[in-house]
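Residue-level listing of the chains:
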Amino acid sequence: MQNALLVADDLTGAVDTGHGFAARGRGVRVRLRGEPGGETAPADRDVLAVDTDSRAASPSVAAEAVTRAIGAYPAARVYKKVDSTLRGNVVAEVDAAVAATDADLAVVAPAFPATGRTTEDGIHRVDDTPLAEADYGVAASDLRTVFARSRYLVESLDLATVEQGSEAVRETLASLTEAEEPVLAVCDATTADHLHAIATGAEALAGDGHPVLFVGSGGLAKHVAVPGEPTPTTVQSVARPGTLAVAGSTNERTLVQLAAVPDDLVVALDPAAAVRNPEETGRRGAVRLGRLLDRRGRAVVTAATGGADVDTAERVAAETDTNASERVGTALSAAASGAVAASQPGSLFLTGGAIARAVLTRLEAAELALTGEAVADGVPESVVATGPARGTRVVTKAGGFGDERTMLNCLDAM
């Protein structure tokens, strides 16, 4: 049995949130599969994070993926990671996690004040802007409205209660467990201290014998305790030079960060060719990347340096009845895997959850071990724990995270 299980719907989310435990000395592994499948199930972990890869799935498929993951990896404590901007199948996955854990109560706190995500009077905000107005494609800002589609009763834990501290939180949550059905307690939080009070109060309730499911982003995870003794990871990174960066996100923040990287470090794949013939485009890109790595020691590969490239990929995908994201992802992962085979860089920098998964899958890296270190705030470090690339250092960054110099600063730090 794991001491704790973290279930996330994308890879960067699993790593980011797992880092909240690893930075406190816990041994954290991240698996790219939500269940063992045909291979032998891994040995029990201290903290196991699994990526169900379900953000873009249908609600029913996403719910089933969560159910399978929780059933496959029994744990003393379960943390359901949700996006801090509530993208994806949040309600379906939380409902599935409640059912799979047989929880009396789900403590739902998606706030992440360190990254500008806060909740007050039930309204979730990004940098003080109500979520529905913040261009994340989410229609509602009020957590009570978002979770109104849940099969379970939804109650609120307001800021006035949270500010009184963990004991007030425990007492309020305890009163909610008197209901005859599971309850989702959606929580206000605008500071890290608020999240600490929520986590501590909920843990006290769990200690009283009430099954509690923790639901949050990377913010709450930093304050949730893990039962049992820590078991630090034993995977060491290899001492090889060279850093290969793969920029697969087309988020505006990623494009701005790419613009700050010197042109002579960037290999830009033709987006039209990437959609039409991803494997061949990737092979050609790998040759260019290998030469750049051998000459400069670092290289960045992308298929989009601006909005026009994104438009081109979408247009060609429509003409060829293909999926632009999938085809470009294949081209980028083929380029990266070819360059890794040829030049064997010691470090990978991967931005965008989908491309991070695609590259690691191509490298047969089924599991990462988190080091507890980060090259920058919100940019955690891990090591490939299984497969031919074992020991390769991996740094991941969500596509929508960081300022204009984040990517370049990370490359410099690596």
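Now for a look at the structure at hand. (Residues numbered from 1 in each chain as written. Predicted model: local features only at pLDDT ≥ 70, side-chain atom pairs only at ≥ 80, totals over all residues. Heavy atoms only, no water.)

1. Section: the overall build of the protein chain
Consideration 1: In terms of regular secondary structure, the protein chain is built from 15 helices and 18 strands.
Consideration 2: In terms of overall size, the protein chain behaves like a compact globule, its C-alpha atoms giving a radius of gyration of 21 Å where 414 residues would be expected to give roughly 22 Å.
Consideration 3: The dimensions of the protein chain, computed from C-alpha atoms along their principal axes, are 65 × 45 × 35 Å.
Consideration 4: Taking all contacts inside the protein chain whose residues are at least 6 apart in sequence as the whole, residues at least 24 apart take part in 75%.
Consideration 5: Total accessible area computed for the protein chain in this model is approximately 16500 Å², and 46% of it derives from carbon and sulfur atoms.
Consideration 6: Positive and negative side-chain charges in the protein chain, numbering 37 and 56 respectively, have mean positions lying 9 Å apart. (Helix = DSSP H or I, 4+ residues; strand = E, 2+ residues; numbered from the N terminus. Rg over C-alpha atoms; globule rule 2.2 N^0.38 Å. Contact = heavy atoms within 4.5 Å. Areas by Shrake-Rupley, 256 points an atom, 1.4 Å probe, with all protein chains shown as cover. Lys, Arg positive; Asp, Glu negative; His and termini not counted. Charge placed at Lys NZ, Arg CZ, Asp CG, Glu CD.)

2. A few points about the nonpolar core
Consideration 1: With 77 residues, the main nonpolar core has Phe21, Leu173, Ile198, Leu244, Val246 and Leu360 as its most contacted residues.
Consideration 2: When residues of this core are assigned to their parent elements, the largest contribution, eight residues, is made by helix H13 (residues 324–343).
Consideration 3: With near-sequence residues (within four places) excluded, leucine 173 lies in contact with Leu105, Val107, Leu157, Ala185, Ala202 and Leu205.
Consideration 4: In terms of nonpolar packing, the next biggest core, distinct from the first, is built from 34 residues, Val66, Val78, Val91 and Ala134 among them. (Core = buried A, V, L, I, M, F, W, Y, C linked by side-chain atoms within 4.5 Å. Buried < 20%, exposed > 50% of the residue type's maximum accessible area, 1.4 Å probe, protein only.)

3. Describing the environment of glycine 282
Consideration 1: Looking at where glycine 282 falls in the secondary structure, it is placed in helix H11 (residues 278–296).
Consideration 2: Residue classification places glycine 282 among the buried residues on the basis of a relative accessible area of 0%.
Consideration 3: Each C-alpha atom, one on glycine 282 and one on alanine 339, is 9.7 Å from the other, the two residues being 57 residues apart in sequence.
Consideration 4: Excluding its chain neighbours within four sequence positions, the residues that come into contact with glycine 282 are Ala331, Ala334 and Ala335.

4. Quick word on the packing of aromatic side chains
Any pair of aromatic rings gets described here by the distance separating the centres and the angle formed by the planes.
Consideration 1: Considering all chains together, one arrives at one aromatic pair under this definition.
Consideration 2: A ring pair is formed by phenylalanine 21 and tyrosine 79, whose centres lie 6.1 Å apart and whose planes are at 85 degrees; its orientation type is edge-to-face. Highlighted residues: phenylalanine 21 in helix H1 (residues 11–22) and tyrosine 79 in strand S4 (residues 75–81), separated in sequence by 58 residues.
Consideration 3: The buried category is assigned to phenylalanine 21, whose relative accessible area is 2%. (Phe/Tyr/Trp six-rings, centres within 6.5 Å; stacked < 30°, edge-to-face > 60°.)

5. Regarding a negative patch on the surface
Consideration 1: Where like charges cluster on the molecular surface, the negative patch consists of Glu120, Asp121, Asp158 and Glu163.
Consideration 2: Relative to the elements of secondary structure, glutamate 120 occurs in strand S6 (residues 117–120). (Patch = residues over 30% accessible without salt bridge, like charges linked within 9 Å, V, L, I, M, F, W, Y side chains within 5 Å. Salt bridge = Lys/Arg side-chain N within 4 Å of Asp/Glu carboxyl O.)

6. Some thoughts on the sheet that holds S6
Consideration 1: In spatial order, the strands read S6-S7-S8; together these three strands make up an open sheet with antiparallel pairing. The two strands at the open ends of the sheet, each matched to only one other strand, are S6 and strand S8 (129–130).
Consideration 2: Where S6 lies against strand S7 (residues 123–126), four bridges are found, and the strand directions are antiparallel. When the bridges of S7 are listed, threonine 118 appears paired with arginine 125. (Pairing = 2+ DSSP bridges.)

7. Looking at the pattern of salt bridges
Consideration 1: Counting across every chain of the model gives 24 salt bridges.
Consideration 2: One salt bridge in this structure joins arginine 170 and aspartate 208, with 3.5 Å as the shortest N-O distance. Here aspartate 208 lies in the loop between helix H7 (192–207) and strand S11 (212–216) and arginine 170 lies in helix H6 (residues 166–176), a separation of 38 residues in the sequence.
Consideration 3: Among the salt bridges present, the one from aspartate 412 reaches arginine 298, with a minimum N-O distance of 2.9 Å. A residue pair is termed long-range when its members are at least 10 positions apart, and aspartate 412 in helix H15 (residues 406–413) and arginine 298 in strand S14 (residues 298–302) qualify at 114 residues.
Consideration 4: A relative accessible area of 23% means that arginine 298 is categorised as partly exposed.
Consideration 5: The network of salt bridges with common partners includes Asp9, Asp10, Arg55, Asp83 and Arg87.

8. Concerning the pairing of strand S18 (residues 393–397)
Consideration 1: Among the five residues in S18, five count as buried, and that is most of the element.
Consideration 2: Where strand S15 (residues 347–351) meets S18, five bridges bridge the pair, whose relative direction is parallel. Of the residues in S18, the one forming a bridge with phenylalanine 349 is valine 395.
Consideration 3: Of the pairings in the sheet, the one linking strand S17 (residues 379–384) to S18 comprises three bridges and is antiparallel in character. The residue of S18 that forms the bridge with serine 382 is valine 394.

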